[in-house]
Amino acid sequence: MAKTRKRSKRRLEDLSCVNPNAAGLDIGSEEIVVAVPADRDDQPVRAFATFTLDLQALVDWLIACGIDTVVMESTGVFWIPIYELLEQHGIVP
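Quantities reported herein were computed from a predicted structural model and do not represent experimental measurements.

Trainee: Would you take a moment to explain the packing of helix α1 (residues 52-64) against helix α2 (residues 79-88) for this structure?
Mentor: Between two packed helices, what matters for the description is the angle formed by their axes and the separation of those axes. Packing of α1 against α2 leaves a shortest axis separation of 10 Å and a crossing angle of 45°. Between α1 and α2, the crossing angle belongs to the class labelled oblique. In the packing of α1 onto α2, the handedness of the crossing is right-handed. Of the residues in α2, those touching α1 at Leu55, Gln56, Leu58, Val59 and Leu62 are Pro81, Ile82, Leu85 and Leu86.

Written as structure tokens, this is what we have:
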């Protein structure tokens with residue numbers, strides 16, 4: 001019979017930060033919800049509409065927060081416009 005290993009619980013404090021300048025984007029057809037590290041802004045989670053001016057405001061906010069990379073979740077093709085804007089401004093999607 002195979003031995004079973006006891007799994008130890010990992011705590012959030014025990015995990016190392018891989019990229020402290022990263023943000024997360026949840027992209028939908030009408031709204032993009034963005035989260036940056038809590039120490040970057042008084043309101044670290046914001047929602048932006050998907051019109052061109054709103055996407056530009058999103059990118060400007062990420063730059064102001066010192067973000068250099070983002071992770072994105074999207075259903076469908078809604079990620080393409082923001083992906084292109086991020087690349088144009090030197091943020092790695």
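Trainee: Which parts of the structure should I look at to understand the pairing of strand β1 (residues 22-27)?
Mentor: Within a regular beta strand, the side chains point alternately toward one face of the sheet and then the other, so they alternate between its two faces. The alternating pattern of β1 places Ala23, Leu25 and Ile27 on a buried face and Ala22, Gly24 and Asp26 on a face that is not buried. With 6 bridges connecting them, β1 and strand β4 (residues 69-74) associate as parallel partners. Bridging from a neighbouring strand, Ile27 pairs with Ser74 of β4. Pairing geometry for β1 and strand β2 (residues 31-35), over 4 bridges, is antiparallel. Across the sheet, residue Gly24 finds its bridge partner in β2, namely Ala35. Counted between consecutive antiparallel strands, the loop separating β1 from β2 contains 3 residues.

Rules used throughout
- Residues numbered from 1 in each chain as written.
- Predicted model: local features only at pLDDT ≥ 70, side-chain atom pairs only at ≥ 80, totals over all residues.
- Heavy atoms only, no water.
- Axes fitted to C-alpha atoms, helices over the stretch in contact; angles between N-to-C directions.
- Helix = DSSP H or I, 4+ residues; strand = E, 2+ residues; numbered from the N terminus.
- Parallel < 35°, antiparallel > 145°, perpendicular 65-115°, else oblique.
- Left-handed = near helix turned anticlockwise from the far one by under 90°.
- Contact = heavy atoms within 4.5 Å.
- Buried < 20%, exposed > 50% of the residue type's maximum accessible area, 1.4 Å probe, protein only.
- Pairing = 2+ DSSP bridges.

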